[in-house]
Structures are given as C-alpha cells and as structure tokens.
Amino acid sequence: QVQLVESGGGLVQAGGSLRLSCAASGRTFSSYGMGWFRQAPGKERDIVAAITSSGDTTYYADSVKGRFTISRDNAKNTVYLQMNSLKPDDTAVYYCAAVRLGVRIWTNPSMYDYWGQGTQVTVSS
C-alpha cells in the first residue's frame, strides 16, 4: 500500500510559478512510476507529466511542454512538479499517482494504482 500526499497548490497570477510536491509512504517508492494529472471542473482527468521509477524517462503533455518539469527524489520518497509560466488554462485540481509497473511511462489514468487527494491550482488572469 502506498499513500500519497500532495502539497504546494494555491493561487497565482498568470506568468507565475508553483512547485507541487507529492510525498509517498512506503519503502518501495523507488520501484513505482509516478504521474501528475489534473482535472478541471466538468472535464476529464488528464495526464500532465510522468516519470519512470528510475527517473531516466519523462513525459509531458503538449500543453505543458517547456513550462513544467517533473522530477523525483527517491531518497526522500517525493515527486515534484515545477510549473512555470502558468496560464489560466492550467487551473485545475492536480493529482499525483503511482503505478507499480514503473519501468515505462503510462499516460492512461486507469493504469495507476494509487492516488493522492489532490491539490487546487488556480491561475488568475
């Protein structure tokens, strides 16, 4: 069992930055692939970024490429999402998720085994 707790969300003006953190419990964090997803009101939950268990491969949705960076620190059982040049369209609840098959990238949320409770990110224009 893995428990995930996100933090770092908030209200920011367009063009600003936020850094989300996701702290994981358990001794097997380094074997899990991790993903960040977001869900805006009335919309589906979509992939934002993902990273393999070793951290050697990352994935970004086209809408955030060049602005967001996913990283992980396996010694701290934490995955991060650095978000720069934020836009109002980035407003959503952001979730981190863990997948047991961590050697490859997964973009489908149904493949993920554990989810955090979400953190709200609001970008004002």
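Residues numbered from 1 in each chain as written. Predicted model: local features only at pLDDT ≥ 70, side-chain atom pairs only at ≥ 80, totals over all residues. Heavy atoms only, no water.

Draft legend 1. Region of the structure containing the sheet that holds strand β7 (residues 68–73). Taken in spatial order, the four strands make up an open sheet running β1-β3-β8-β7, and their pairing is antiparallel. Of all strands in the sheet, those bounded by a partner on one side alone are β1 (4–7) and β7. Neighbour-to-neighbour, the strand axes of the sheet open up by a mean angle of 15°, direction not taken into account. Where β7 meets strand β8 (residues 78–83), six bridges bridge the pair, whose relative direction is antiparallel. The residue of β8 that forms the bridge with Thr 69 is Gln 82. (Pairing = 2+ DSSP bridges. Helix = DSSP H or I, 4+ residues; strand = E, 2+ residues; numbered from the N terminus. Axes fitted to C-alpha atoms, helices over the stretch in contact; angles between N-to-C directions.)

Draft legend 2. Up close: the state of the cysteines. Inspection of the entire model under this criterion finds one disulfide. In this model Cys 22 forms its disulfide with Cys 96; the gap between the sulfur atoms is 2.0 Å. Across the S-S bond of Cys 22 and Cys 96 the torsion is about 45°, and the bridge reads as right-handed. Placement of the pair is Cys 22 in strand β3 (residues 18–24) and Cys 96 in strand β9 (residues 92–99), with a sequence separation of 74 residues. A relative accessible area of 0% places Cys 22 in the buried class. Residue classification places Cys 96 among the buried residues on the basis of a relative accessible area of 0%. (Disulfide = S-S within 2.5 Å. Buried < 20%, exposed > 50% of the residue type's maximum accessible area, 1.4 Å probe, protein only.)

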